[in-house]
2 protein chains.
Amino acid sequence: MVKRTSFEGDSCPIARALEAIGDWWSILIIREALFGQRRFGEFQTRLGMAKNILAVRLRALVDHGILRSAPASDGSAYQEYVLTLKGRGVFPILVALRQWSEEFDEHPEEIATILVDREKGRPVRKLEMRAEDGRLLTPADTMLKPRPAAKKRRASA
Amino acid sequence: MVKRTSFEGDSCPIARALEAIGDWWSILIIREALFGQRRFGEFQTRLGMAKNILAVRLRALVDHGILRSAPASDGSAYQEYVLTLKGRGVFPILVALRQWSEEFDEHPEEIATILVDREKGRPVRKLEMRAEDGRLLTPADTMLKPRPAAKKRRASA
DNA sequence: CAATCCAGTTTCATTATGCAACCATTGGAG
DNA sequence: CTCCAATGGTTGCATAATGAAACTGGATTG
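So, how was this worked out
Residues numbered from 1 in each chain as written. Chains lettered and ligands numbered in written order. Predicted model: local features only at pLDDT ≥ 70, side-chain atom pairs only at ≥ 80, totals over all residues. Heavy atoms only, no water. Domains from an automatic or database assignment. Contact = heavy atoms within 4.5 Å. Buried area = accessible area lost by both parts, 1.4 Å probe. Salt bridge = Lys/Arg side-chain N within 4 Å of Asp/Glu carboxyl O. Polar contact = N/O pair within 3.5 Å; in protein donor to acceptor, adjacent residues only side chain to side chain. Helix = DSSP H or I, 4+ residues; strand = E, 2+ residues; numbered from the N terminus. Least-squares fit on C-alpha atoms with pLDDT ≥ 70 in both. Near = heavy atom within 4 Å. Nonpolar A, V, L, I, M, F, W, Y, C, P; charged D, E, K, R; others polar. Buried < 20%, exposed > 50% of the residue type's maximum accessible area, 1.4 Å probe, protein only. Core = buried A, V, L, I, M, F, W, Y, C linked by side-chain atoms within 4.5 Å. Phe/Tyr/Trp six-rings, centres within 6.5 Å; stacked < 30°, edge-to-face > 60°.

A look at the domain arrangement of chain A
Residues and elements named next belong to chain A.
Inference 1: Taken as a whole, chain A is organised into domain 1 (13-87) and domain 2 (91-137).
Inference 2: Placing the centre of domain 1 and that of domain 2 at their C-alpha centroids yields a distance of 24 Å.
Inference 3: Listed by partner, the interface residues are 5 residues for domain 1 and 4 residues for domain 2.
Inference 4: For the pairing of domain 1 and domain 2, the buried interface totals around 330 Å² over both sides, and the portion due to carbon and sulfur atoms is 90%.
Inference 5: Of all residues in domain 1, Ile-21, Ile-27 and Leu-34 bury the most surface against domain 2, accounting for 77% of the area lost on that side.
Inference 6: For the interface between domain 1 and domain 2, the tally reads 0 salt bridges.
Inference 7: The tally of links from domain 1 across to domain 2 stands at 0 residue pairs in polar contact (both at pLDDT 80 or more).
Inference 8: Broken down by element, the residue count for the side of domain 1 that touches domain 2 peaks at 3 residues, all from helix α2 (residues 26-34).

Below, the structure is given as structure tokens:
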């Protein structure tokens, strides 16, 4: 087959994430949803995307458990799309993308918004990666290990 | 035109990041590069992707300043592709994607690797978002603010 | 200097994307 | 209740992107 390659069975968690949200529009749809949009028309006008594509994407996101389609909320008999826990879990990915642009974009002056701490109104710090014991880690301080086979009924001793 | 829509002029930093690395393969190429791969053939066999599209992606990544093509390193007259600072800056995005899969994937047992602290061999903590003063922030603790106009020659007073 | 490897490019078939037109319900106005 | 607009899609068609495989041309090996 010549279908676009899928990473569904891939053992790499990054590839698996991309399988679900790695296309052009999904992340932006999730961004809008995190901003409170829930209706088909809201997504469509705010993102300026074709309605057929939006329909396909929304279905895929629902299938992946990222959105859930719920029956109305403002009384009307229409549907709406709300984020699941899994969908809200995308937030750190959005922050990482945002911070990457803020740090490396060639024209940062074109970036319209900054993410701030609501309480103080001050910019948030860069995402931090820490060890179990709280040590701040750089990429070089990390490595990949094969996942332990796990899933024993009881402790092995 | 009916070209795939571009987010190049978009003011959203997330859209701008997607413009550079938002396609199916780029992130995986960067993942391999972070793992030390540098040669065309290495990327091609490790990712199992078609050579023509690898060629296109590598060019795009170079154009975006994420990879740089450098002349050899092992003596041979071939080229190689090495990450720039901007490219290495993608690391947190990969961690965020990985952690999202680890937390929400339907079949986490299929994930082959875990990211550990090299020193202790223990899993790294979830990425943390903190305020300037160090307070740990949840998504609800944050908001977007318009970017201040910035770029004054001197302090405004 | 022939055989092979490396790093692509070309060709062609298939798929995805995007625009525009169309259609079925829903919601309101009268 | 009737008509009309808005909502939330679907369908058709043209164009662009993707992928497999064959091809190319310089490097390297023997």
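Description of the interface of chain B and chain A
Inference 1: Across the contact, 80 residues belong to chain B and 80 residues belong to chain A.
Inference 2: Summed over both sides, the interface between chain B and chain A buries roughly 8,100 Å², with carbon and sulfur atoms accounting for 63% of that surface.
Inference 3: The three residues of chain B that bury the most area against chain A are B:Trp24, B:Trp100 and B:Arg147, which together make up 11% of that side's buried surface.
Inference 4: Between A:Lys120 and B:Asp133 there is a salt bridge, and its shortest N-O distance comes to 2.9 Å.

Observations regarding the relation of the copies chain B and chain A
Inference 1: It takes a turn of 180 degrees to lay chain B on chain A, together with a shift of 0.0 Å along the axis; the resulting RMSD is 0.1 Å. As the rotation angle and translation indicate, the two copies are arranged about a two-fold axis. Identified as the residue of chain B closest to the rotation axis by C-alpha distance is B:Glu128, at 2.6 Å.
Inference 2: Counting the interface residues of chain B, we find that 100% of their copies in chain A are interface residues as well, pointing to one common contact surface.

A look at the protein's contact with DNA strand C
Inference 1: The local shell around DNA strand C holds 23 residues, among which A:Asn52, A:Ala77, B:Arg39, B:Lys51 and B:Tyr81 are the closest.
Inference 2: Protein-proximal atoms of DNA strand C, defined as those within 4 Å of the protein, fall in sugar or phosphate at a share of 68%.
Inference 3: Here a phosphate oxygen of DNA strand C and a side-chain polar atom of A:Arg57 are 2.9 Å apart.
Inference 4: Contact distances for DNA strand C include 2.5 Å between a phosphate oxygen and a side-chain N or O atom of B:Arg39.
Inference 5: When contributions to the surface near DNA strand C are tallied by element, the ones reaching two or more residues are α4 (51-63) of chain A together with α3 (40-47) and α4 (51-63) of chain B.
Inference 6: Per-element tally for the surface near DNA strand C: the top contributor is α4(B), with 4 residues.
Inference 7: Here the surface near DNA strand C is composed, by residue class, of 11 nonpolar, 5 polar and 7 charged.

Thoughts on the pattern of salt bridges
Inference 1: Taken as a whole and judged by the stated rule, the model has 32 salt bridges over all chains.
Inference 2: In this structure, A:Arg130 engages A:Glu128 in a salt bridge whose closest nitrogen and oxygen atoms are separated by 2.8 Å. For the pair A:Arg130 and A:Glu128, one class covers both residues: buried.
Inference 3: Here the salt bridges do not stand alone but share partners, grouping A:Arg125, A:Glu128, A:Arg130, B:Arg125, B:Glu128 and B:Arg130 into one network.

A closer look at the nonpolar core
Inference 1: Counting residues in each nonpolar core, the largest one holds 80 residues, and the members touching the most others are A:Ile21, A:Ile29, B:Ile21, B:Ile29 and B:Leu97.
Inference 2: The residues contacting B:Leu97, other than those within four sequence positions of it, are A:Pro13, A:Ile14, A:Ala17, A:Leu18, A:Ile21, A:Ile93 and B:Ile27.

What to know about the packing of aromatic side chains
Inference 1: Within the structure shown, the criterion is met by 4 aromatic pairs over all chains.
Inference 2: Relative to B:Phe7, the ring of A:Trp25 lies with its centre 5.2 Å away and its plane at 85 degrees, an arrangement referred to as edge-to-face. One end of the pair, A:Trp25, is in the loop between α1 (13-21) and α2; the other, B:Phe7, is in the segment before α1 (13-21), on a second chain. With respect to class, A:Trp25 is no different from B:Phe7; both count as buried.
Inference 3: Taken together, the ring pairs in this structure connect A:Trp24, A:Trp25 and B:Phe7 into an aromatic cluster.

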